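Given next are the chains, with one letter for each unit.
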Amino acid sequence: MEPIKNALAQAGDLVQQVAHTVVDAIRGTESEETATNNNEKSKDKKNDDDDGEKTEQNIDSKQKKFDKEQDATLQKSEITASSGGYRDPAPRSDAKVLATSWPDLIGKTRHEAEELIKAKGYSNIKVMKKGTSSTTEHDESRVIIFVDDNDVVVEEPKVG
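Scoring rules and cut-offs
- Just so you know, the residues in each chain are numbered from 1, in the order the chain's sequence is written.
- Local features in this predicted model are restricted to residues of pLDDT 70 or higher, and side-chain atom pairs are both shown and tallied only at a pLDDT of 80 or more, whereas totals for entire chains, interfaces and linings draw on every residue.
- Excluding hydrogens and water, the side-chain figures rest on all heavy atoms present in the structure.
- In the sections that follow, a salt bridge refers to a side-chain nitrogen of Lys or Arg positioned within 4 Å of a carboxyl oxygen of Asp or Glu.
- Secondary structure elements are taken from DSSP: a helix is a run of H or I of four residues or more, a strand is a run of E of two residues or more, and numbering for both begins at the N terminus.
- Categorising residues by exposure relies on relative accessible area from a 1.4 Å probe, with only protein chains included: less than 20% of the type maximum marks a residue as buried, more than 50% marks it as exposed, and the intermediate range marks it as partly exposed.
- Working definition: a ring pair exists when centres of Phe, Tyr or Trp rings (six-membered ring for Trp) sit within 6.5 Å. Plane angles under 30 degrees give stacked, over 60 give edge-to-face, the rest tilted.
- Arc definition: directions from the helix axis to the C-beta atoms.
- Contacts: residue pairs with any heavy atoms within 4.5 Å of one another.

Observations concerning the pattern of salt bridges
- On inspection of all chains with the given rule, the structure shows 3 salt bridges.
- With a closest N to O distance of 3.6 Å, Lys 129 and Asp 151 form a salt bridge. You can see Lys 129 sitting in strand E3 (residues 124–129) and its partner Asp 151 sitting in the loop between strand E4 (142–147) and strand E5 (158–159), a full 22 residues away along the chain.
- Of the residues examined, Asp 151 reaches a relative accessible area of 25% and is grouped as partly exposed.
- As a salt-bridge pair, Glu 155 and Lys 130 come within 2.9 Å of each other at their nearest N and O atoms. In this pair, Glu 155 is assigned in the loop between E4 and E5 and Lys 130 in the loop between E3 and E4, connecting sequence segments 25 residues apart.
- Accessibility expressed as a relative area gives 30% for Glu 155, which makes it partly exposed.

Some words on the packing of aromatic side chains
- Following the criterion strictly, the structure yields 1 aromatic pair and no others.
- Consider the rings of Trp 102 and Tyr 122, whose centres lie 5.6 Å apart with planes at 90°: the pair is edge-to-face. Of this pair, Trp 102 sits in the loop between strand E2 (85–87) and helix H3 (110–119) while Tyr 122 sits in the loop between H3 and E3, and the two are 20 residues apart along the sequence. The pair Trp 102 / Tyr 122 is uniform in exposure class, with both members buried.

Let's talk about H3
- Taken together, the buried positions of H3 are Ala 113, Glu 114 and Ile 117. Looking straight down H3, one finds that the buried residues subtend no more than 100° of arc, so they occupy a single side. Turned more than 90 degrees off the buried face of H3, the exposed positions are Glu 115 and Ala 119.
- On the buried face of H3, the contacting elements are E3 and E4.
- Once H3 ends, the next one or two residues include Gly 121, with phi positive near 110°.

In short, the description is geometric, and any link to function would need to be established separately.
Okay, here's the thing in structure tokens:
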């Protein structure tokens, strides 16, 4: 719940920054237009065009500044950008993630394979000779190891 609160607080801060930037840009534009109208009414159309360009440059510079601030804010936060928008990072968990297969055990002895799998948290280990049929029911707590006549693992041990 805390990451959601933090993300909402950051979003609120970003919205306020946008609102202030827009207001500053509008006020800057209005004050420039007022000064232009009061001081330069007698100038020709070319000078009016120059003032319009200055206003656009002012807005562009403020937009660039705002974009840089937003990039810096996003880089500091834990929120990451993806092609689908923004998403929170995966929640951290103390849960133990169990492997479901061990391809690196092919070629090891039966006892080495059993010890490694037990160390990973599985206690229900069935060792079967290659070519024998196993049960058709799936059991998430069981690992089946297929060995040859010399007790060497010949297939990838898997949960099931």
